[in-house]
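# Descriptive analysis of the structure
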Amino acid sequence: MIIPNVKRALFKAKLTACQTNLSRIATGLEAYRTDHEGIYPVDLSQLLPGGYISKIPKCPVANADTYSSGYTVTSELKAFTVRCKGSNHTNLGLEPDEPFFDLQGGLQPK
C-alpha cells in the first residue's frame, strides 16, 4: 500500500517540475517578445542565443526535450502554445500533450 503512494508522489513531483519548465519557457518567450517588437520566435532554439533561457529543459518523466516539438506559434507570431509533447503524464489522469502553457489560460491543467 505504501509503494503505490510513493510512486504517485514521485510522479506528482515530476509533473510539478515539468510545469515549472513550461513556466520558465513561457517567461523566456515573453522576454524574447519584448526585445523583438512584439513577436515570438519561430522555434524555441531562438531563445538560447539571447540568453532568454540557458537551455531547453528536459521533461523529468521522459528525460528528453518534449517542449520543442510541442511549441506552436501563430502565423503572425503573436501567440504561442508550448506543450509537454507525448503521453508522459497520463498516469496522473492528464491527456496526451499535457501539461501545456498558452497565452489565453496560462499553465494548464491547473
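This write-up is about the structure you can find in this document. (Residues numbered from 1 in each chain as written. Predicted model: local features only at pLDDT ≥ 70, side-chain atom pairs only at ≥ 80, totals over all residues. Heavy atoms only, no water.)

### Observations concerning the nonpolar core
- Counting residues in hydrophobic clusters, the biggest one holds 19 residues, and the most contacted among them are L29, L44, L47, Y67, Y71, F80 and V82.
- Only α1 (2-35) and β2 (80-83) provide two or more residues apiece to this core.
- A total of six residues in this core trace back to one element, the largest contributor, which is α1.
- The residues touching L47, leaving out its near neighbours within four places in the chain, are I25, G28, L29, Y32, P41, Y52 and I53. (Core = buried A, V, L, I, M, F, W, Y, C linked by side-chain atoms within 4.5 Å. Buried < 20%, exposed > 50% of the residue type's maximum accessible area, 1.4 Å probe, protein only. Helix = DSSP H or I, 4+ residues; strand = E, 2+ residues; numbered from the N terminus. Contact = heavy atoms within 4.5 Å.)

### Points about the side chain of Q19
- Position of Q19 among the secondary structure elements: in helix α1.
- Those residues in contact with Q19 that lie beyond four places of it in its chain are P99, L107 and P109.

### A word on the sheet that holds strand β3 (residues 100-102)
- Taken in spatial order, the four strands line up as β1-β2-β3-β4 in an open sheet, and their pairing is antiparallel. Looking at the sheet topology across the chains shown, the edges are occupied by β1 (71-73) and β4 (106-108). Each adjacent strand pair in this sheet contributes to an overall mean axis angle of 15°, direction not counted.
- Where β2 lies against β3, three bridges are found, and the strand directions are antiparallel. Within the sheet, the bridge partner assigned to T81 lies in β3 and is D102. (Pairing = 2+ DSSP bridges. Axes fitted to C-alpha atoms, helices over the stretch in contact; angles between N-to-C directions.)

### Points about the packing of aromatic side chains
- All chains considered together, the criterion is met by four aromatic pairs.
- Between the aromatic rings of Y71 and F80, the centroid separation amounts to 6.4 Å while the plane-to-plane angle is 35°, which identifies the pairing as tilted. The exposure classification of Y71 matches that of F80, with both residues buried.
- Ring geometry for F80 versus F101: centroids 6.1 Å apart, planes at 5°, classification stacked. In this pair, F80 sits in strand β2 while F101 sits in strand β3, placing the two residues 21 residues apart along the sequence.
- By relative accessible area, F80 is classed as buried at 3%.
- Through pairs of rings, three or more aromatic residues link up here, namely Y40, Y71, F80 and F101. (Phe/Tyr/Trp six-rings, centres within 6.5 Å; stacked < 30°, edge-to-face > 60°.)

### Comments concerning the pattern of salt bridges
- By the definition in use, this model includes two salt bridges.
- Of the charged contacts in the structure, one is a salt bridge between E30 and R33, with a shortest N-O distance of 3.0 Å. Here E30 and its partner R33 are both found in helix α1, three residues apart, which amounts to about one turn of the helix.
- Given a relative accessible area of 25%, E30 falls into the partly exposed group.
- Take R33: its relative accessible area is 28%, and that puts it in the partly exposed class.
- One salt bridge connects K85 with D97, and the closest N-O pair in it is separated by 3.4 Å. (Salt bridge = Lys/Arg side-chain N within 4 Å of Asp/Glu carboxyl O.)

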